[in-house]
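If you want the building blocks of each chain, they are given just below.
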Amino acid sequence: MISIACNTGSLGVYGLATESEILVIKVTDGQGKTESKYLSTAIKDAVVHGATIINMSIGGHKNEKILEEAIDYALMNNVTIIAAAGDYGNKDLLYPAKYDGVISVQGLDASFELWEYSNHEDCATITFPCQNIKAIGLDNSDRLIEVDSTGTSQATSLVSAYVALLKDYYLDTNQELRNEELIKIIHSINRQKKSSVE
């Protein structure tokens, strides 16, 4: 979550919602693989520990009940879930991005066109820049370096930061922002963005 976490500007990378607190819950093994039962447990743990936004730069092709129930649990507690559409270039969002109530994020390329490898459906919540996103990585000596990264996971991180700022604004003005209203705002932004590009 570099778009949220990095606030010093060192290495030329700045965050977007730099006062956010990050709760990191690992759900993959050493090969980057996971199972729905681990995702489900992580989602519930995040809710219990007070998370207000869950960024899910991960997904699968199968609709599994255990994952859907965890998503519903988070949404019932007004926790916002933001999930990557997927990087397979087909017309089928991955789960959990495909679930109702989840903010699903497709990718835009550097020309603000749909990124060729972004999964895409008309029902997706928002399309956001995903190509050559500045981030911080590790070199072979485990030193921090600036890197360019691409994918709907990167777009999802940016949207998560934007949602954090929106929630913070509503909190500061003593307004309640429910997920339903938040999704309407995101849809509105997406329509305005499409119009300006066209």
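Our structure's up above, just so we're on the same page.
Just so we're clear, the structure is a prediction, and the values are computed from it rather than from any experiment. (Residues numbered from 1 in each chain as written. Predicted model: local features only at pLDDT ≥ 70, side-chain atom pairs only at ≥ 80, totals over all residues. Heavy atoms only, no water.)

Asks: An account of the nonpolar core is requested, with residue identities and associated values reported.
Replies: If you look at the biggest cluster of nonpolar residues, it comprises 21 residues, and the most contacted ones within it are Ile-43, Ile-54, Met-56, Ile-71, Ala-74 and Ile-81. Elements with a contribution of two residues or more to this core: helix 2 (36–48), strand 1 (53–56), helix 3 (65–76) and strand 2 (80–84). Discounting residues that sit within four places of it in the chain, Ile-54 has contacts with Ile-43, Ala-46, Val-47, Ala-74, Val-79, Thr-80, Ile-81 and Ile-82. If you look at the next biggest cluster of nonpolar residues, it comprises 19 residues, including Ile-103, Val-163, Leu-166 and Tyr-170. (Core = buried A, V, L, I, M, F, W, Y, C linked by side-chain atoms within 4.5 Å. Buried < 20%, exposed > 50% of the residue type's maximum accessible area, 1.4 Å probe, protein only. Helix = DSSP H or I, 4+ residues; strand = E, 2+ residues; numbered from the N terminus. Contact = heavy atoms within 4.5 Å.)

Asks: Just give me the short version of the packing of aromatic side chains, but keep the residues and values in it.
Replies: Summed over all chains, the structure comprises three aromatic pairs. Ring centres 5.0 Å apart and planes at 50 degrees place the aromatic pair Tyr-95 and Tyr-99 in the tilted group. Among the residues examined, Tyr-95 registers a relative accessible area of 15% and is labelled buried. Look at Tyr-99 and you get buried, because its relative accessible area is 7%. For the pair Trp-115 and Tyr-117, a centre-to-centre distance of 5.5 Å together with 70 degrees between the ring planes defines the contact as edge-to-face. (Phe/Tyr/Trp six-rings, centres within 6.5 Å; stacked < 30°, edge-to-face > 60°.)

Asks: Go over the environment of Tyr-73 with me, naming the residues and quoting the values.
Replies: Inspection of the secondary structure assignment puts Tyr-73 in helix 3. Contacts of Tyr-73, omitting those with residues within four sequence positions, involve Lys-44, Val-47 and Val-48.

Asks: Break down the packing of helix 2 against helix 3 for me, with residues and values.
Replies: Contact pair helix 2 / helix 3: the axes reach a minimum separation of 8 Å and the direction vectors enclose 10 degrees. Considering the angle they form, helix 2 stands roughly parallel to helix 3. Residues Ser-36, Lys-37, Leu-39, Ser-40, Ile-43, Lys-44, Val-47 and Val-48 of helix 2 pack against Ile-66, Leu-67, Ala-70, Ile-71, Tyr-73 and Ala-74 of helix 3. A per-class count over the contact of helix 2 with helix 3 returns 10 nonpolar, two polar and two charged. (Axes fitted to C-alpha atoms, helices over the stretch in contact; angles between N-to-C directions. Parallel < 35°, antiparallel > 145°, perpendicular 65-115°, else oblique. Nonpolar A, V, L, I, M, F, W, Y, C, P; charged D, E, K, R; others polar.)

Asks: Help me get a handle on helix 3, residues and values and all.
Replies: Between its first and last C-alpha atoms helix 3 spans 16 Å; for 12 residues at 1.5 Å apiece the expected length is 16 Å, and the two agree. Within two residues after helix 3, Asn-78 carries a phi angle of roughly 60 degrees, on the positive side. (Expected span 1.5 Å × (residues − 1).)

Asks: Break down unusual backbone geometry for me, citing the residues and quoting the values.
Replies: With an omega of 15 degrees, the peptide bond between Tyr-95 and Pro-96 qualifies as cis. With respect to the helices, strands and loops of the structure, Pro-96 is situated in the loop between strand 2 and strand 3 (103–108). Positive phi values are uncommon outside glycine, yet Asn-132 reaches one of about 55 degrees. Examined against the element boundaries, Asn-132 turns out to sit in the loop between strand 4 (126–129) and strand 5 (133–138). Asn-132 gets classed as partly exposed once you look at its relative accessible area, which sits at 46%. Backbone geometry at Asp-142 places phi at a positive 65 degrees, although glycine is not the residue there.

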